[in-house]
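One-letter residues, chain by chain:
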Amino acid sequence: MTNDLTRGLVELDRQVLWHPFTQMSEWSPLVIARGEGNYLFDTDGRKYLDGVSSLWCNVHGHHHPRLDHAVRTQLDKLAHSTFLGLTHEPGIRLAGALLEVAPKSLSRVFYSDSGSTAVEIALKQSFQYWQLRGRTSKQKFLRLGEAYHGDTLGAVGVGGIDLFHRIFGPLLTSSIAIPSPSGTDGSYALQRLEEELERRSYEIAAFIFEPLIQGAAGMLVHPPGFLKRAAELCRRYGVHLILDEVATGFGRTGTMFACEQEGVDPDLMCLAKGISGGYLPLAATLASEEIYSAFLGSHGEMKHFFHGHTYTANPLACAVGLESLALLRESTMANVRERIPAIKVALDRLASHRLVKQVRQVGMMVGIELHPVDGQFLGREVCDQARSHGVILRNLGDVVVWMPPLTLQESDLELLEHATTRAIDQRAR
Ligand code: PLP
């Protein structure tokens, strides 16, 4: 049953809005009214498990008392002031706390407000570093095939998902694709990487990729050791390693950051999504002291980094980010570690479904790849169907994604598995 409020909002939405990544002519709006723990509620009172943690950013569930309190307390002091030429306590304290848990190669935090801007900043910092050091031919970037690093033009320039990016080709700076190592032992990708580095490291600024797993590419898992070996090659050939931990960061893969699992220290690291617990737009690019120090000089030398956004380091977002990090360390990381094996067991069951081609998992990042039926991809239909079983899911083509809040409980996982299986069964008919 749909009530008057819902009907009115849906009608107005249809008149005035244009939603991201959405074919508006075919879309029916679902109006979310509130969130509680791992669940969302629509304006008709229906309850759904947030199976994609509100686009991969929610960490500790919705309406968390400690996170709410952090925002409210900060709101009584300062909602916003610029970080250009001024500073503030939540921004300073969060930067300190981030560096405590980040790889030890990183010593500087540059804030922005989305994953895309964190990536733009890393690319620009690497580029300007080489210019400042007199290595002016180092202007190109290496990336993985099928890479996704965001939707702003610089981030699209190091992207490789044709469906999203091809049309913008004429607007982009070129990047060099290294074949994705997923589904292989990684030796071919590493060989191609070394060939490129040997041939033209003089013109390459950095290699950017997501450690352990490429998320939006379809949850493509890298073979063990790829990250470590790629990092060694970057080091050997004098090319920056930029790790995009926008999706993998803040506990998602079972460790605070994915790169810890192979003991890798990047030169630049991009963070967003979970950084504020999924409450407010915030991002950070973490840089090494070597990169940072190249930008130092007298004001007149004009070496500084000319980049910033109005809402850079918003104090409300930083305050909630600080509390989110504390919660992760106190309890949420432990829940992730407990839940990962149970997710694997559920996926093993799903893997035997005749319509499931492959299941892929790194920590609490999951892709369930479906076989096409009569040449049609089922991903979107399965996700639409899952709603009627009380779970919000989103697909990446023929891959159904599970990215629940890190506070997922056993009963939530049962619902997630049940809804996904029922939805696949219904499409199979
Ligand atoms: N990098 C990665 C790995 C991502 O998964 C995403 C978003 O999904 C981005 C960057 C872009 O983040 P945002 O949507 O916050 O701009």
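In case you missed it, the structure is sitting above this.
As the structure is a computational prediction, the values presented were derived from the model and not from experiment. (Residues numbered from 1 in each chain as written. Predicted model: local features only at pLDDT ≥ 70, side-chain atom pairs only at ≥ 80, totals over all residues. Heavy atoms only, no water.)

J.: Sorry if this is basic, but what is going on with the environment of leucine 172 here?
T.: Note that leucine 172 resides in the loop between helix 7 (162-165) and strand 6 (175-178). Along the primary structure leucine 172 and serine 352 are separated by 180 residues, whereas in three dimensions their C-alpha atoms are 43 Å apart. Discounting chain neighbours no more than four positions away, the residues touching leucine 172 are Leu153, Val156, Gly157 and His165. (Helix = DSSP H or I, 4+ residues; strand = E, 2+ residues; numbered from the N terminus. Contact = heavy atoms within 4.5 Å.)

J.: Please explain the site of the ligand as it appears in this structure.
T.: Taken together, Trp56, Ser114, Gly115, Ser116, Tyr148, His149, Gly150, Glu210, Asp244, Val246, Ala247 and Lys273 form the complete shell of residues around the ligand. Between an oxygen atom of the ligand and a side-chain N or O atom of serine 116, the distance comes to 2.6 Å. Residue lysine 273 places a side-chain N or O atom 3.1 Å away from an oxygen atom belonging to the ligand. When the ligand is considered free in solution it has 390 Å² of accessible area, and contact with the protein chains removes 83% of it. Partitioning the shell around the ligand into residue classes produces four nonpolar, five polar and three charged. (Near = heavy atom within 4 Å. Polar contact = N/O pair within 3.5 Å; in protein donor to acceptor, adjacent residues only side chain to side chain. Areas by Shrake-Rupley, 256 points an atom, 1.4 Å probe, with all protein chains shown as cover. Nonpolar A, V, L, I, M, F, W, Y, C, P; charged D, E, K, R; others polar.)

J.: Would you mind going over helix 9 (residues 226-236) with me for this structure?
T.: Structurally, the α-helix is built with 3.6 residues per turn, so residues lying three or four positions apart point the same way. Those residues of helix 9 not exposed but buried are Phe226, Leu227, Ala230, Ala231, Leu233 and Cys234. Down the axis, helix 9 shows its buried residues gathered within 160 degrees of arc, on one side only. On the buried face of helix 9, the contacting elements are strand 5 (140-144), helix 8 (187-200), strand 7 (204-209) and strand 10 (240-244). Positive phi shows up at glycine 238, right after helix 9, with a value of about 65 degrees. (Buried < 20%, exposed > 50% of the residue type's maximum accessible area, 1.4 Å probe, protein only. Arc of directions from axis to C-beta.)

J.: What should I look at first to understand the sheet that holds strand 13 (residues 356-362) in this one?
T.: Two orientations exist for strands paired in a sheet by backbone hydrogen bonds: parallel and antiparallel. Strands sit in the order 13-14-17-16 across an open sheet of four strands; the sheet is antiparallel. Among the strands making up the open sheet, the edge pair consists of strand 13 and strand 16 (394-396). Mean inter-strand twist for the sheet, computed between neighbouring axes without regard to direction, equals 25 degrees. With six bridges connecting them, strand 13 and strand 14 (residues 365-370) associate as antiparallel partners. Residue pairing in the sheet places arginine 360 in a bridge with glycine 367 of strand 14. Sheet contacts for helix 12 (residues 379-387): strand 14, strand 16 and strand 17 (399-402); angle to strand 16, the most-contacted strand, approximately 170 degrees. Each of strand 13, strand 14 and strand 17 touches helix 13 (residues 410-428); the most contacted strand, strand 17, lies at about 165 degrees to it. (Pairing = 2+ DSSP bridges. Axes fitted to C-alpha atoms, helices over the stretch in contact; angles between N-to-C directions.)

J.: How should I be thinking about helix 8 in this particular structure?
T.: A rise of 1.5 Å per residue sets the reference length of helix 8, with its 14 residues, at 20 Å; its end C-alpha atoms lie 20 Å apart and thus fit the reference within 8%. Regarding helix 8, the residues found buried are Ala189, Leu190, Leu193, Glu196, Leu197 and Arg200. The buried side chains of helix 8 occupy one side of the element, clustering within an arc of 130 degrees when seen end-on. Seen from the open side of helix 8, the exposed residues pointing more than 90 degrees away from its buried face are Glu198 and Arg199. Contacts from the buried residues of helix 8 go to strand 5, strand 6, strand 7 and helix 9. (Expected span 1.5 Å × (residues − 1).)

J.: Is there a simple way to think about a nonpolar patch on the surface in this case?
T.: Taken together, the side chains of Leu153, Ile167, Phe168 and Leu171 define a hydrophobic patch exposed on the protein surface, amounting to about 430 Å² of accessible area. Secondary-structure assignment places leucine 153 in helix 6 (residues 153-157). Judged by its relative accessible area of 44%, leucine 153 falls in the partly exposed class. (Patch = residues over 30% accessible without salt bridge, like charges linked within 9 Å, V, L, I, M, F, W, Y side chains within 5 Å. Salt bridge = Lys/Arg side-chain N within 4 Å of Asp/Glu carboxyl O.)

J.: Help me understand the packing of helix 3 (residues 65-75) against helix 11 (residues 315-351), please; the structure alone is not making it clear to me.
T.: The angle between the axes and the distance between the axes are what describe a pair of packed helices. Relative to each other, helix 3 and helix 11 sit at 150 degrees, their axes nearing to 8 Å. Between helix 3 and helix 11, the angle falls in the class roughly antiparallel. Our pair here, helix 3 against helix 11, has a crossing hand that is right-handed. Here helix 3 contributes Arg66, Leu67, Ala70, Val71, Gln74 and Leu75 to the contact with helix 11, which in turn contributes Pro315, Leu316, Ala319, Val320, Glu323, Ser324, Ala326, Leu327 and Glu330. A class-by-class count of the residues in the contact of helix 3 with helix 11 yields ten nonpolar, two polar and three charged. (Parallel < 35°, antiparallel > 145°, perpendicular 65-115°, else oblique. Left-handed = near helix turned anticlockwise from the far one by under 90°.)

J.: Which parts of the structure should I look at to understand the packing of helix 11 against helix 13?
T.: At a minimum axis separation of 11 Å, helix 11 and helix 13 run at an interaxial angle of 20 degrees. Looking at the two axes, helix 11 sits roughly parallel to helix 13. As for how helix 11 packs across helix 13, the hand of that crossing is right-handed. In this structure, helix 11 uses Arg339, Ala342, Ile343, Ala346, Arg349 and Leu350 to contact helix 13, whose residues at the interface are Glu410, Leu413, Glu417, Thr420, Thr421 and Ile424. Taken together, the residues that form the contact of helix 11 with helix 13 break down as six nonpolar, two polar and four charged.

J.: Even after reading the chapter, I still don't get the pairing of strand 17, so can you show me in this structure?
T.: Each regular strand displays side chains that alternate between the two surfaces of the sheet. Burial along strand 17 is two-sided: the residues Val399 and Val401 and Val400 and Trp402 are all buried. In this structure, strand 14 lies alongside strand 17, joined through four bridges in antiparallel fashion. Along strand 17, the bridge assignment pairs isoleucine 368 with valine 400. The pairing of strand 16 with strand 17 spans three bridges and is antiparallel. Across the sheet, the residue bridging to leucine 396 is valine 399, located in strand 17. What sits between strand 16 and strand 17 in their antiparallel hairpin is a turn of two residues, with glycine 397 showing a positive phi close to 60 degrees.

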